[in-house]
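A look at the structure
Listed below, chain by chain, are the residues.
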Amino acid sequence: MLTDRLAPLAYRVALRMLGDAFEAEDIAQEAMLRLWRAAPGWQSGGAKVSTWLYRVVANLATDRLRRRRAAPLADAPDVADGQQSALAALVERDRAAALNEALLRLPERQRQAVVLRHLEGLGNPEIAEIMEVGVEAVESLTARGRRALAAALSGRREGLGYEEG
Amino acid sequence: MEDDKELEAFFASARMHAPAPDEALLARVAAQGRSLQPMPRTPRLRDQGRPAGPLRGLLAAIGGWPALGGLMTAGLAGLWLGLSDAGGLMGYVYGSSTDGWLYGPADLVSMAVAEDGE
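Residues numbered from 1 in each chain as written. Chains lettered and ligands numbered in written order. Predicted model: local features only at pLDDT ≥ 70, side-chain atom pairs only at ≥ 80, totals over all residues.

Going by an unreviewed UniProt entry, chain B carries the name Dihydroorotate dehydrogenase and comes from Albidovulum marisflavi.

Assigned secondary structure in chain B consists of six helices and two strands. In chain B, the order of α-helices and β-strands from amino to carboxyl end is α-α-α-α-α-β-β-α. Counting the 118 residues in chain B, one finds 7% classified as buried. (Helix = DSSP H or I, 4+ residues; strand = E, 2+ residues; numbered from the N terminus. Buried ≥ 20, exposed ≤ 12 C-beta atoms within 10 Å, placed from the backbone.)

Moving on, we get to the confidence of the model for chain B. The share of residues in chain B with pLDDT of 70 or more is 52%, and the mean pLDDT across the chain is 68. Every residue in residues 90-106 of chain B is under pLDDT 50, and counting partners more than four places away or in other chains gives eleven contacts. (pLDDT = per-residue confidence, 0-100. Contact = placed C-beta atoms within 7 Å.)

Here we take up the environment of Ala102 of chain A. Residue and element names in this part refer to chain A. Examined against the element boundaries, Ala102 turns out to sit in helix α5 (residues 91-103). Residue Ala102 is classed as buried on the basis of its 24 C-beta neighbours within 10 Å. When neighbours within four sequence positions are excluded, Ala102 is seen to be in contact with Leu149, Ala152 and Leu153.

This part covers the interface of chain B and chain A. Contact with chain B, which involves 23 residues of that partner, is made by 29 residues of chain A. Counting only elements with at least two residues in the side of chain B that touches chain A, the list comes to α1 (4-16) and α2 (23-35) of chain B. With nine residues, α1 of chain B is the single largest residue contributor to the side of chain B that touches chain A.

On to the nonpolar core. Residues and elements named next belong to chain A. Membership of the largest hydrophobic core comes to 49 residues, with the highest contact counts inside it found for Ala10, Ala14, Ala28, Ala31 and Val57. Ranked by the residues each element gives to this core, the list is headed by helix α1 (residues 2-18), at ten residues. Split by domain, this core shows at least three residues from each of two domains, domain 1 (1-77) and domain 2 (79-165). Those residues in contact with Ala10 that lie beyond four places of it in its chain are Ile27, Ala28, Ala31, Met32, Leu53 and Val57. (Core = buried A, V, L, I, M, F, W, Y, C linked by C-beta atoms within 7 Å. Domains from an automatic or database assignment.)

Residues and elements named next belong to chain A. Axis separation between α1 and helix α6 (residues 108-119) bottoms out at 10 Å; the angle between their running directions is 140°. Considered as vectors, α1 and α6 are oriented oblique to each other. Where α1 crosses over α6, the handedness of that crossing is right-handed. Across from Val13, Arg16 and Met17 in α1, the residues of α6 making contact are Arg111, Gln112, Val115 and Leu119. Partitioning the contact of α1 with α6 into residue classes produces four nonpolar, one polar and two charged. (Axes fitted to C-alpha atoms, helices over the stretch in contact; angles between N-to-C directions. Parallel < 35°, antiparallel > 145°, perpendicular 65-115°, else oblique. Left-handed = near helix turned anticlockwise from the far one by under 90°. Nonpolar A, V, L, I, M, F, W, Y, C, P; charged D, E, K, R; others polar.)

In this model, chain A carries an average pLDDT of 84, and 81% of its residues clear a pLDDT of 70 or more. Predicted confidence for residues 84-89 of chain A stays below pLDDT 50, and this span has six contacts to residues more than four positions away or in other chains.

Our next topic: the packing of α5 of chain A against α1 of chain B. The interhelical angle for the contact between α5 of chain A and α1 of chain B, taken along N-to-C directions, is 100°, at an axis separation of 8 Å. Regarding the angle of α5 of chain A to α1 of chain B, the classification is roughly perpendicular. The segment α5 of chain A lies against α1 of chain B, with Glu92, Arg95, Ala96, Ala98, Leu99 and Asn100 of chain A engaging Ala9, Phe10, Phe11, Ser13, Ala14 and Met16 of chain B. Taken together, the residues that form the contact of α5 of chain A with α1 of chain B break down as eight nonpolar, two polar and two charged.

Right, here's the structure in full:
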């Protein structure tokens, strides 16, 4: 069923962009609503439905992030609250949580490119279409994002399964 | 971070533990989709109010226009068979008790021999 495949996609990308489950749910619901409304006019030769949905989610998440920047700092979410303690039991989960936390510290466009490339597994041409930029810009964004993530995570190696044995 | 391999391990962990929406969200989205589906067409008023004449009753009794189309096709096929002297079927017998199986001359001979032998 379409909902079972696409709603989780919208939700996880929104959550990785925003780090807030409630906002991610809102965005997933809004994006799916737009999809239902657009469906009757859908043309088979046009963009893939998933590409279209990624773009809608990315735009909605960007809007939220802009609103956050305009809001007082006290309203900014604490990205690590709850998540870290809940996921600390397993190293794998801890690594995932550490990455999610580091992702939320990346500049918005780099985060988007890294999420689509390395977590959603999309190719650069499709990411370029979603982000409405050139392929070279995508390559640059992902490369800078990776460097920043590597730097942020280097301090987290100990305790996450990277001790020298 | 020494190399990309370690970063890849973080990505792999994050992919493995991808956040998933709860059932309530999926149910809301599915309900939303259903509410936006086009409504089924209702019968037109002029069809409802029209009295059923004897011809319309007969047509309805045999299964409507599709059945009438089938009847016409079968009739035309019979006419063609008659006109084209389809002698190839002359020696066949239609076995009604065996769900429309066609018996050929050779079958009939072997059936007769079998019956005689009993």
